[in-house]
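One letter stands for each residue in the lines below.
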Amino acid sequence: MNVETYKNLLSEVGTGNNCVMITMLNKTSNDNKPAQNKTLYTENSLSEHNCTSDLDKLLYKHSKHALETGNLQFVKASENETYLIEPYFPEPRLIILGGGHIAKPLAEFASKAGFSVTVIDDRPSFANHERFPTAQKVICESFDHCFDFINLNMSAYVVIVTRGHRHDMDCLRQVLKHNTAYVGMIGSKRRVKSVMEQMLSEGYPKEKLNGVNAPIGLKIGAVTPDEIAFSIISQLIQYRRLGDISTSVTNPIKANLPEFDSDVLIELCKEENSPGAMITIISTKGSVPRNAGAKMLVWPFGKLLGSIGGGCSEGEIINTARDLIKDGGYKLQSIDMTGIIAEDEGMVCGGVMDVIIETF
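Residues numbered from 1 in each chain as written. Predicted model: local features only at pLDDT ≥ 70, side-chain atom pairs only at ≥ 80, totals over all residues. Heavy atoms only, no water.

Engineer: Outline the nonpolar core, listing residues and values.
Structural biologist: Ranked by size, the top nonpolar core spans 28 residues in total, and within it Leu94, Ile96, Val117, Val159 and Leu236 carry the most contacts. Listed by contribution, the elements that provide at least two residues to this core are strand S5 (93–97), helix H4 (103–112), strand S6 (116–121), strand S8 (156–160) and helix H8 (225–242). Top contributing element to this core by residue count: H8, with six residues. With residues up to four places along the chain from it excluded, the contact list for Val159 reads Leu94, Ile95, Ile96, Leu97, Leu106, Tyr182, Gly184, Ile216, Ile232 and Leu236. (Core = buried A, V, L, I, M, F, W, Y, C linked by side-chain atoms within 4.5 Å. Buried < 20%, exposed > 50% of the residue type's maximum accessible area, 1.4 Å probe, protein only. Helix = DSSP H or I, 4+ residues; strand = E, 2+ residues; numbered from the N terminus. Contact = heavy atoms within 4.5 Å.)

Here's what the structure looks like:
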């Protein structure tokens, strides 16, 4: 297992960098362990890479395409040598500044929508895991000092919903020092106008202030805390998938984000891992339970981590993976969940998933 490569991957995406992992797949040797033949590039290091051969140029071209589209790529270099290129994007993190009545449903909805949620408030009765059970982190700290405990970068979506005008401004001053994926601040039009005028007078650039979504959320006539949370999470998803549509520049990368299985990747960073297999969904068609990029680990004696969707079809792939562990190498396989197969197994899905099984 190429442990250091996976450690570097988690480190890079954790700091907000887009990455590609290139795996060399070799048909000629059963002793080949694909998980040992991996090379990691950040988007920046890829652009600086010196292509010295036709193969380098080909891999560079497909790596750029993977980052632009979010799609996994296969590059056939020869009869026996193929390269798998996987794009990785930072896990979206929602930072909720304020733990009041809107923050509670917002944290719940955001967790269900795939965001890693951090809630910050300076009141112990509001900043606790009992109040926010779905949040990954709950920080009880003043709004003056809480920024020492969070890493604001392009994977961060920041929502300012504190209990007071002064706290909102204090938070906004700190947030605007960083480049983030999204900034939103709650408040009436009058209150927002007052904040923006004050910030302009303090010298904050107008273009930075124009990027703040305030009043926050999509305009759906929201009134109750749950409705307001729905309007905010809808806007967050819009930014995540499409970018800022209020400008002429949208971000098509985000429209097809591969799944990010952090638990699986953390496990792959462990030195003591025994021989096993990694199953990755490489493409899908139709209605399927999980998308491309989803991963699952299989060991010979019953241990599993992650999922590619469950059901009898997953069980078949697990058996194939355990057989492959004995011999090494890799295997491509399709899972058909259409028509009679789906009906017989009682599945609501009706699509096809292609997966790759790699031994380590």
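Engineer: Any details on the environment of Leu152? Residues and values, ideally.
Structural biologist: Relative to the helices and strands, Leu152 resides in the loop between strand S7 (137–140) and S8. Assessed through its relative accessible area of 9%, Leu152 is described here as buried. Setting aside anything within four residues of it in sequence, one finds Leu152 in contact with Arg93, Ile95, Phe147, Val158, Val175, His178 and Thr180.

Engineer: So, the sheet that holds S8: which residues are in play, and what are the values?
Structural biologist: On the basis of which strands lie adjacent, the open sheet formed by five strands has the order S7-S6-S5-S8-S9 and parallel pairing. Edge positions in the sheet fall to S7 and strand S9 (182–185), since each has one partner strand and no second. Within the sheet, the average angular offset between the axes of one strand and its neighbour, ignoring direction, is 15°. Judged from the five bridges that link them, S5 and S6 form a sheet pairing that is parallel. In the sheet register, Leu94 faces S6, and the bridge partner there is Val117. Docked against the sheet, H8 engages S5, S8 and S9, running at close to 155° with respect to S8. (Pairing = 2+ DSSP bridges. Axes fitted to C-alpha atoms, helices over the stretch in contact; angles between N-to-C directions.)

Engineer: Which residues make up the packing of aromatic side chains, and what are the values?
Structural biologist: Scanning the model with the defined rule gives five aromatic pairs in all. Plain terms: the ring middles of Phe115 and Tyr157 are 5.3 Å apart, the flat faces sit at 85° to each other, and that makes the pair edge-to-face. Here Phe115, found in the loop between H4 and S6, pairs with Tyr157, found in strand S8; they are 42 residues apart in sequence, far enough to count as distant. With 6.4 Å between their ring centres and 85° between their planes, Trp299 and Phe360 make a pair best called edge-to-face. Here Phe360 lies in the segment after strand S14 (352–359) and Trp299 lies in the loop between strand S11 (295–298) and strand S12 (304–306), a separation of 61 residues in the sequence. Across this residue pair, the class does not change: Trp299 and Phe360 are buried. Over the ring of Phe126 we find Arg123; its NZ or CZ atom is 3.7 Å from the centre of that ring. (Phe/Tyr/Trp six-rings, centres within 6.5 Å; stacked < 30°, edge-to-face > 60°. Lys NZ or Arg CZ within 6 Å of the ring centre and 35° of its normal.)

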